[in-house]
Each structure stands twice: as structure tokens, then as C-alpha cells.
Amino acid sequence: MTSRRTIIDSLHRCLCPPYFNSLSSVRSGPVAVQHLFPARPKSFSSSVQSTHISTTIEEDVYSPSPKQDGSQDPVIRKLVTPDSVWPNSRAKDKYFGGITIAFNIPDSEYTGLNKVIDLASRSMFPGVFLAAEELIRKHDYVPDAKLYTVLIEACANFPGCLLQGLAFRLLGEMKERNFVIGSVVYHSLLRLLANSPDYLRRLQVLDEMKQSWYTLTDEGWQNVIAGYILDGHLEMAMEIIEKRRSNGQVLRRNIYKDVITGLCAVGEIDEALRFVRDLEATEVTWVTSQQLAYHLLAAATEQLHLEATLIFWRKVIDGNMFNPDDGLCLATLNVAARYGEPPLASDVFRVLGNRGVQFEEHHYAALLESYVVSGDLAAAFSVLTVMRGAGVPPAEHTAHPIVQRLTQSDDVTPQDAFEILQSVQRRGKIVDLAALNALMAVHVARAEIDAAFEVYNRLPDFDLRPETYTFNILLKGAQEQGRKDFALNMVSEMKEMKVPPDASTYEGVFGACLAQEDYEDAFLWLEEMNSRGLRPGLAMYGALARRCYTAGDGRYRVALAEMSRKGVDMEKFIALLGEDDQKIAEVVG
């Protein structure tokens, strides 16, 4: 075989390091090695799933020549990337995000170094690197600072930061060769690092630029800001932005968008809102995009930030930016409920209604809560009526905000609420049973069981008939106050009205009986409950075990055995038998 001159150049190693790591032990023959670029994504068809972008090493075109120390450099081989690894052109475009792919060196009207520059400017990957390799191998081009600069720029042109390692290896070779590293190189690296979380590399580049007395261009600063945003160093990004804006220097809109999105992601809604307001006041051309408005509204509702929610909801709706999805509407509805903003809640209902959404209990519950928090009890009561009329009967917990407000607030009393309901009835409007149930629950919570019974007696005045939950409210009060006679009276009325009992009904009667000196009837109610197929809760067994234990009744062991069968930690429970009910409740669960 004719001896050929060997080109020994570390640029080849830097251009294609994976090749040369594999080539050191290869002499001849076709061998597949991993390409610089990543393997084809998994979304491609299974028929080509195992195929990777690879190169084929053909016959040696240069023989190795010995170094001064007797060792040999890896040979330079012809590198060919088969286009057949991509099933079609669409697959290429999908992976490379629209970047033109040239696995063979593409045509160009230029030659030599100008050809490499042309391919780099047109983002022809990996053709630009193959052209640079060909320039050195076939045309004896001696690598210089200009070639390195072009290749580092090409790395920066590639989408994302996949070629960051290659770019910094090229930078390292420039330093080894004592080339002057120009400002263009550093700015290309900053552009590459704008898509990379490697803040240490960014600090390195900025420090080297400072030592070389290079000044950052406007684009350079924007790439630095973008990198800080990607790192999550929002304070540093904001500091640079504020300083440049104060000096009248314009930044790209996507910089503003990215920093606002970053602030939303970390929950800094106040800062994001301040920044948006500042941009709207000072930047004549600034317009909040649909995508950014969505991020702002979603973050505001997630953080339950009322002011931001109101502002961005109005911006989205009044500006016809987009139709908020169900999740965003529900989140906005929750904010309206928490802060008592019925207009906002009503507007959300309007948007959902226009989209034909079937309203459910949680929609109405949020609307009701917004009225309660705002102090409009009459409107809150009307929501209960609307729900039943819409075929969505109020659940037991729907009116809980009303109960909570009347129980904890001194500015409105249960009597005030009852008078509101009487006023509603006088106007010829329907009062829902859930409203009277709520008033009874308030009296029970205030240990006013007789007042609760008075409300119960007024049900016929509103043309209402009690339901199981109505009696359960009263029985809960009887249980808490140990009113056995009252509980038995309520049970009799239930039987007379043929209102079916449930587990809560038996629990109330059981508890009232258990509070008596003679608690034998509690066992009877427990037995009847079991006979009806209603399972007593652990709290009932726990209360029974404690009552028997304190009374010296050995039957507490029966209750403990049942609790053990249901998975209660009996050692902890037995240790607490002489303690208060709250601790026992925690163990029982």
C-alpha cells in the first residue's frame, strides 16, 4: 500500500471526538461508531427504532506516522453518514426542529473556508463540520483562529445546547494554540449558554471577556439574561433588565416574556404583576400575549392572588384573548369564593355556560361561598334554591360556608338569617330546605338545641318537609348534650313521617344513650344498626369501649376486639382509655 502523508491535527479530535476514541484500535474494514449527534428519538416507527445515526469507517486513506515518543496518532479516515438511517424527510425535520440536515456535504457556491462559513450561516448540520474536516484533510488547510471562530458559531447556531461540549473543546484548542480569542467567539458561547443551565461556564466566559476588556453587545446582554432566567437566577436577570431599561436600552420581547414566566413559575406573582404594569406604562409597543396572559392568570389563581386574578381575568375576557379552559375557570372560581367576589364568580359562570358546561355541585358551592364571604346571605340562600331547580340538589356540605359564617361571626346572627329567609318567602320566592338545615346546624354548633328545634318546627311555614339529614342535625345536638329523651322523640317523628334512617341517625341516638348513667339502650341501638346492615364506625366502638372501661364494665373488651378486627392499633388505644375523647379519636381515626 502506498505510503500517504499523515495529517496530525487536534482539530479532528475536537470535531469528531467519539470517532477517534473508537479509531485508536481500528486498522481497517467497515466499523460503525456513534455519531456526534444524538440517536433518533423514540417516537419514530418501531421498524427503525434500533437504528442510530452512525458513520461508517471505510478503508484507511492515510497511514499513521510515528510521534517523537514512538507512539502513533489515530489515522484520519473518511467519514460517511448514511442518509438511510432516517425513514423520511419528515422524520429529519421533526427531530432537528426545522434545521436543514445535510449528512453529505451540501452544495455551495463558495469554496475553501468561505464554504464552511456559508454552511454555518445556513445552519447546515452536520455538513458544516464535514466540510471543515474536508478542508483540512483534502486541501491542507492549516486551522487558524478564523476557522475555530466559524465552527464555534456553528455550534451556537444548533438548536438548544447539544453542542456546548464541542464548542468549549474548540475554545480549549484555541487557547492551546495561543490564538487570539475574539469577541465573536465569546458572544457565540453566550448565545449557546442562553439555552443551557451551566451557569459556571457562563461565569467563565464573562470573566474571560472582562479580562480581555471586551464589552458585551446588546445581544450578548440579552443572552446573559436569558441564561440567568433559565438557571432560575431571576433576581440577577431582573437587576440587569432594570438597569438597561433605566438607560433606555431596548430588550427583546421574549426576554420580558421569559422573565415574567419565570416569576410566575416560582410564585412571585406580585413581582410579575408589577413588571407587567411597568411594561404597559413605559413600553409603547408592549402587548401581553395570549400565552403570557394564560401563564399569569394560571399562576395568580394557583397562588390565590386576588388582585392579579381580577386583572388578568379581565384582560383575557375583555380582550377576547382566548376561551379559558375548565381548569382555569374552576381555579378562578375558587379565588372568587375565597375572597368574596360574586361578580367574578358570576362572570366565570357565564363563560362556562357559554361553553355548554354542565354545572355540578362544586361550581355552585364556590358561587355560594363568594356570596357568603362578601356578606350577601340572601344571594347565598338563593344559590341553594337555584341548585335544586337545576337538578343539582345541595349536598350536606354545600351550605357549610353559611354555617361557618353564622357560627363564627358576630355581625350577623342566626335570627338575622331566619328573617332574611322570611323576607324571601314573603316575596313569593322558594326557600330551599338546605337553608333551614344550615340554620339548625348553626344552633347545634352553638349548643342551642332548643333553638334548632324551633327552626325545625317552622318548616311547614316554608312548605318544607324534613329529610334524613334534618333529623341527623338535631340528633347530633342531642348526642353532644346527652339529651336521650330528645333523641328518642326525633326518632319517633322520623318513624311517623316515614323518613328513613342512616348510619348517622343511629350514631346520634347511640351517643345520646351512651351518655346516660344507664347506657344499656346503647347496646340495643348498636344491635339494631347492625341488623339493618349499617356498619358502625370505629368512633362508635371507641366511645363504647371508653364508656364501659370508665364504668368498670368488662364488655369494653368486646368493643376492643371489634376495633382490633377493623385494624385499630389497640396498644395505643388501651393506653388512652383513661384520656380525653380527642386523643382517642386520633387513634381510632
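Computed from a prediction, not measured in an experiment: that's the story for all the values here.

Visitor: If you had to explain the overall build of the protein to someone new, which residues and values would you point to?
Guide: Scanning the protein from terminus to terminus reveals 31 helices and three strands. Counting over 589 residues, the protein shows a buried share of 47%. A sequence separation of at least 24 residues applies to 61% of the contacts in the protein between residues at least 6 apart. With an accessible surface of roughly 29,400 Å², the protein has 49% of that area assigned to carbon and sulfur atoms.

Visitor: Outline unusual backbone geometry, supporting the account with residue identities and numerical values.
Guide: The backbone of aspartate 140 shows a phi angle near 55 degrees, a positive value even though the residue is not glycine. Mapping aspartate 140 onto the fold places it in the loop between helix H5 (127-139) and helix H6 (145-157). Unusually for a residue other than glycine, aspartate 463 sits at a positive phi of about 60 degrees. The topology assignment puts aspartate 463 in the loop between helix H23 (449-457) and helix H24 (468-481).

Visitor: Describe in detail the environment of glycine 262, supporting the description with residues and values.
Guide: Its place among the elements puts glycine 262 in helix H12 (residues 253-265). Overall, glycine 262 belongs to the buried group, its relative accessible area being 15%. Sequence spacing of glycine 262 and alanine 272 is 10 residues, and the spatial spacing of their C-alpha atoms is 8.8 Å.

Visitor: Account for the packing of aromatic side chains, naming residues and giving values.
Guide: Within the structure shown, the criterion is met by 15 aromatic pairs. Residues phenylalanine 349 and phenylalanine 359 carry aromatic rings whose centres are separated by 4.6 Å and whose planes lie at 25 degrees to one another, so their mutual orientation is stacked. A residue pair is termed long-range when its members are at least 10 positions apart, and phenylalanine 349 in helix H17 (residues 342-354) and phenylalanine 359 in the loop between H17 and helix H18 (361-374) qualify at 10 residues. Each member of the pair phenylalanine 349 and phenylalanine 359 is classed as buried. Sitting above the plane of the tyrosine 228 ring, arginine 202 keeps its charged end 5.6 Å from the centroid.

Visitor: Break down helix H22 (residues 433-445) for me, citing the residues and quoting the values.
Guide: For H22, built from 13 residues, the straight-helix expectation of 18 Å at 1.5 Å per residue is met to within 8% by its first-to-last C-alpha distance of 18 Å. With respect to burial, H22 is a largely interior element, 12 of its 13 residues being buried. If you check which residues of H22 are buried, you get Leu433, Ala434, Ala435, Leu436, Asn437, Ala438, Leu439, Met440, Ala441, Val442, His443 and Val444. Buried residues belonging to H22 abut helix H19 (377-389), helix H20 (400-408), helix H21 (414-426), H23 and H24.

Visitor: How would you sum up the nonpolar core? Please name residues and give values.
Guide: Generally speaking, nonpolar side chains in soluble globular proteins are found buried as a group. By size, the foremost hydrophobic cluster in this structure holds 166 residues, and its most contacted members are Val116, Phe129, Leu189, Ile260, Ile402 and Leu436. Broken down by element, the residue count for this core peaks at 10 residues, all from H22. Excluding residues that lie within four positions of it along the chain, leucine 436 makes contacts with Phe418, Leu421, Val431, Val455, Leu459, Phe462 and Leu464.

Visitor: How would you explain the UniProt feature "repeat: PPR" (unreviewed entry) in the protein if you had to name every residue and give the values?
Guide: Per the UniProt entry, the sites bearing "repeat: PPR" (unreviewed entry) are residues 360-394, 467-501 and 502-536 in this numbering. Regarding residues 467-501, the helix share stands at 80% and the strand share at 0%, and the terminal C-alpha atoms are separated by 9 Å. The distance separating the terminal C-alpha atoms of residues 502-536 is 11 Å; by composition the span is 69% helix and 0% strand.

Visitor: Pulling in residues and values, what's your account of the packing of helix H8 (residues 183-193) against helix H9 (residues 199-211)?
Guide: Taken N-terminus to C-terminus, the directions of H8 and H9 make an angle of 160 degrees; their axes are 10 Å apart at the nearest point. One element, H8, and the other, H9, form an angle in the roughly antiparallel class. Our pair here, H8 against H9, has a crossing hand that is left-handed. Within the contact between the two elements, H8 uses Tyr186, His187, Leu189, Leu190 and Leu193 and H9 uses Arg201, Arg202, Val205, Leu206, Glu208 and Met209. Classifying every residue of the contact of H8 with H9 by side-chain character gives seven nonpolar, one polar and three charged.

Visitor: Residues and numbers for the confidence of the model for the protein, please.
Guide: Taken residue by residue, the protein gives an average pLDDT of 80. The fraction at 70 or more is 80%. Looking at the elements of the protein, mean pLDDT is at its lowest for strand E1 (residues 31-34), recorded as 26, and at its highest for H22, recorded as 96. Ignoring residues within four places in sequence, the model shows residues 1-98, a span with pLDDT below 50, making 173 contacts including any to other chains.

Visitor: An account of helix H7 (residues 164-176) is needed here, citing residue identities and associated values.
Guide: In this model H7 runs 19 Å from its N-terminal to its C-terminal C-alpha over 13 residues, within 8% of the 18 Å that 1.5 Å per residue would give. Two residues or fewer past H7, asparagine 178 is found with a positive phi of approximately 60 degrees.

Visitor: How would you summarise the pattern of salt bridges if you had to cite specific residues and measurements?
Guide: Tallied over the full model, the rule gives 27 salt bridges. When the shortest N-O distance is used, the salt bridge between arginine 555 and aspartate 553 registers 2.8 Å. Taking the relative accessible area as the measure of exposure, arginine 555 reaches 31% and is therefore partly exposed. Among the residues examined, aspartate 553 registers a relative accessible area of 14% and is labelled buried. Connected via shared salt-bridge partners are Arg314, Asp318, Asp347 and Arg350.

About the thresholds
Residues numbered from 1 in each chain as written. Predicted model: local features only at pLDDT ≥ 70, side-chain atom pairs only at ≥ 80, totals over all residues. Heavy atoms only, no water. Helix = DSSP H or I, 4+ residues; strand = E, 2+ residues; numbered from the N terminus. Buried < 20%, exposed > 50% of the residue type's maximum accessible area, 1.4 Å probe, protein only. Contact = heavy atoms within 4.5 Å. Areas by Shrake-Rupley, 256 points an atom, 1.4 Å probe, with all protein chains shown as cover. Phe/Tyr/Trp six-rings, centres within 6.5 Å; stacked < 30°, edge-to-face > 60°. Lys NZ or Arg CZ within 6 Å of the ring centre and 35° of its normal. Expected span 1.5 Å × (residues − 1). Core = buried A, V, L, I, M, F, W, Y, C linked by side-chain atoms within 4.5 Å. UniProt positions renumbered as here; feature names shortened; annotations may be inferred. Axes fitted to C-alpha atoms, helices over the stretch in contact; angles between N-to-C directions. Parallel < 35°, antiparallel > 145°, perpendicular 65-115°, else oblique. Left-handed = near helix turned anticlockwise from the far one by under 90°. Nonpolar A, V, L, I, M, F, W, Y, C, P; charged D, E, K, R; others polar. pLDDT = per-residue confidence, 0-100. Salt bridge = Lys/Arg side-chain N within 4 Å of Asp/Glu carboxyl O.

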